[in-house]
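Close look at the chain arrangement
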Amino acid sequence: MSSVNLPYKDTTTVVETPLPQYYREGYFSADTLLHPELPGGRYGVAGDPVPYTMYGDHIITSLLLLSFVIAVISISNARNFLMRQAKNFFYLSHGSTTEIMETATEMRLQFFLVLQCCIMVALLFYFYTLNNIGETFVLDSPYLLIAIFLAMIIAYFIGKALLYALVNGIFFGGKKSKQWIKSMLFITSFEGVLLFPAVLMFMFLGMTTRDVVIYFIIALFLVKMLTFYKCYVTFFRRNEFKLQIILYLCTLEIVPLLAFWGALVTTANNLKINF
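A brief report on the enclosed structure follows. All chains use their own residue numbering, which begins from 1 and follows the written sequence. Residue-level local features of this predicted model are given only where pLDDT is at least 70; pairs of side-chain atoms are given and counted only at 80 or more, and the full residue set underlies all totals for whole chains, interfaces and linings. Each side-chain value is worked out from all heavy atoms of the structure, with water and hydrogens disregarded.

1. Some details on the nonpolar core
Counted only if it meets this: Take the buried residues of types Ala, Val, Leu, Ile, Met, Phe, Trp, Tyr and Cys, join any two whose side-chain atoms come within 4.5 Å, and each joined set is a nonpolar core. Each residue is assigned to one of three classes by its accessible area relative to the maximum for its type, calculated with a 1.4 Å probe on protein chains only: buried under 20%, partly exposed between the two thresholds, exposed over 50%. Runs of E in the DSSP output that reach at least two residues are strands. Runs of H or I that reach at least four are helices, and both are numbered from the N terminus. We call two residues in contact whenever any of their non-hydrogen atoms come within 4.5 Å of each other.
Membership of the largest hydrophobic core comes to 52 residues, with the highest contact counts inside it found for L123 and Y248. Counting residues per element, the ones that place at least two in this core are α2 (58-77), α4 (104-132), α5 (142-171), α6 (174-204), α7 (209-236) and α8 (244-271). Broken down by element, this core gets its largest block of residues, 12 residues, from α4. Residue contacts for Y248: discarding those within four places in its chain leaves Y164, V167, N168, F172, W180, C231, F235, F236 and E253. Judged by nonpolar contacts, the second largest core, of 5 residues, contains F81, L82, L109 and L113.

What follows is the structure in C-alpha cells.
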C-alpha cells in the first residue's frame, strides 16, 4: 500500500518539519474574521461628531459647581462678617468710631469671593469671544484661553488696587486708603455674586449672548454706582470741590476699565486663527 504524503511523515518533532507553502497560505489566511488577533479596523460608516456645547463641558461645569458649593459653605459660615461689611458700606463712619478687625478666615472668604468674580468675568468674556470674535484659536485647548483671560483679569484687579493704594495714600492718608480697599473688596465680591447667575443662565438655560451683554452692562452700572457712592462718602463728602470726584473716577475707574477691555479684545484677536 502506498502511504499518503503528509508533511509530518518522516519527522520526529513538529518544530523541525517545515510546512509547504500551500499549507501555510490560503484565501482566508489574513482575514480578521478568521484571526481575531489581527487588527480589523472599524466597520460601518462613521457618524457626525457631537457638536461642542457649553452645558456639555464637564470641566467648566465642575468649576461652576465647585465655586457654588464653596461659596454657599463660606457665606453660611461667615454671614455675620458679610452683614457687618454691608452695614459699614452704607454707614457714615466718624473719626471716633472703633473699627472691628477682620479675622484670617473672614479675609480668606473675602479673597475667595474676589477670585470667584474674576472667574465669572473670564467665563463671560470667553463666551463673548466664541460668539463675536472667533471659535478657532492657536492654542491647543480652550481652557488655556480661559486661563489667559483669568490671569489678565487678576492682574487688572491687582494693578487697580495698587494704583488706588498709591493715589489714596498720597492725597487722602493711610486710614481712608485702607477703608477704600475694604470697600472695593466688598464691591468686587458683590459683583461676582451678580455675575454668577448670568453664567448659569447662558450655559444651562440657553440665554442669548445679547441678553448676557445687557445683564452684564446692568450689573456693571450698578457696581459703578456703588463705587461712585462710596467714593463720595469716603473722600469727597466734606470737600468743597465736588467735581473732583468725576476726575478721580475717570482716572482710576473708567480709563483703566476701557484700556483693559481693549487689551482683552486685542489678545483674543491675536490668538484667533484667521482663514
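2. Thoughts on the packing of α5 against α8
For clarity, the threshold we go by: Comment: axis = line fitted to C-alpha atoms, over the contacting stretch for helices; angle = value between 0 and 180 degrees taken between N-to-C directions. Any angle from 65 to 115 degrees is called roughly perpendicular, while one under 35 is roughly parallel, one over 145 is roughly antiparallel, and all others are oblique. Crossings are sorted by hand: turned counterclockwise from the far helix by less than a right angle, the near helix makes the crossing left-handed, and turned clockwise it makes it right-handed.
At a closest axis distance of 11 Å, the pairing of α5 and α8 adopts a crossing angle of 160 degrees. Here α8 runs roughly antiparallel to α5, going by the angle between their axes. The hand of the α5/α8 crossing is right-handed. Residue-level inspection shows L145, I148, F149, M152, I153, Y156, K160, L163, Y164, V167 and N168 of α5 in contact with α8, the latter providing Y248, L252, E253, P256, L257, F260, A263, L264, T267, A268 and L271.

3. Considering a nonpolar patch on the surface
Note the following rule: Residues forming no salt bridge and having over 30% relative accessible area are the ones grouped into patches, like charges within 9 Å of each other and nonpolar side chains (Val, Leu, Ile, Met, Phe, Trp, Tyr) within 5 Å. Methods summary: accessible areas were calculated by the Shrake-Rupley approach with a probe of 1.4 Å, and residue burial reflects only the protein chains presented. Here a salt bridge means any side-chain nitrogen of Lys or Arg lying within 4 Å of a carboxyl oxygen belonging to Asp or Glu.
Together, L65, F68, V69, V72 and I73 give the surface a local cluster of nonpolar side chains, amounting to about 440 Å² of exposed area. Within the secondary structure, F68 sits in helix α2.

4. Description of the pattern of salt bridges
Opposite charge on two side chains makes pairing possible when the charged atoms of those side chains draw close. Counted by the stated rule, this structure contains 3 salt bridges. One salt bridge connects E253 with K160, and the closest N-O pair in it is separated by 3.5 Å. Taken as a pair, E253 in helix α8 and K160 in helix α5 lie far apart in primary sequence, 93 residues in all. Since its relative accessible area comes to 2%, E253 is described here as buried. Under the relative-accessibility criterion, K160 is labelled buried at 9%. As a salt-bridge pair, R210 and D211 come within 3.8 Å of each other at their nearest N and O atoms. Under the relative-accessibility criterion, R210 is labelled exposed at 61%. Given the relative accessible area of 31%, D211 is considered partly exposed. Sharing partners across several salt bridges, the network here consists of K160, K224 and E253.

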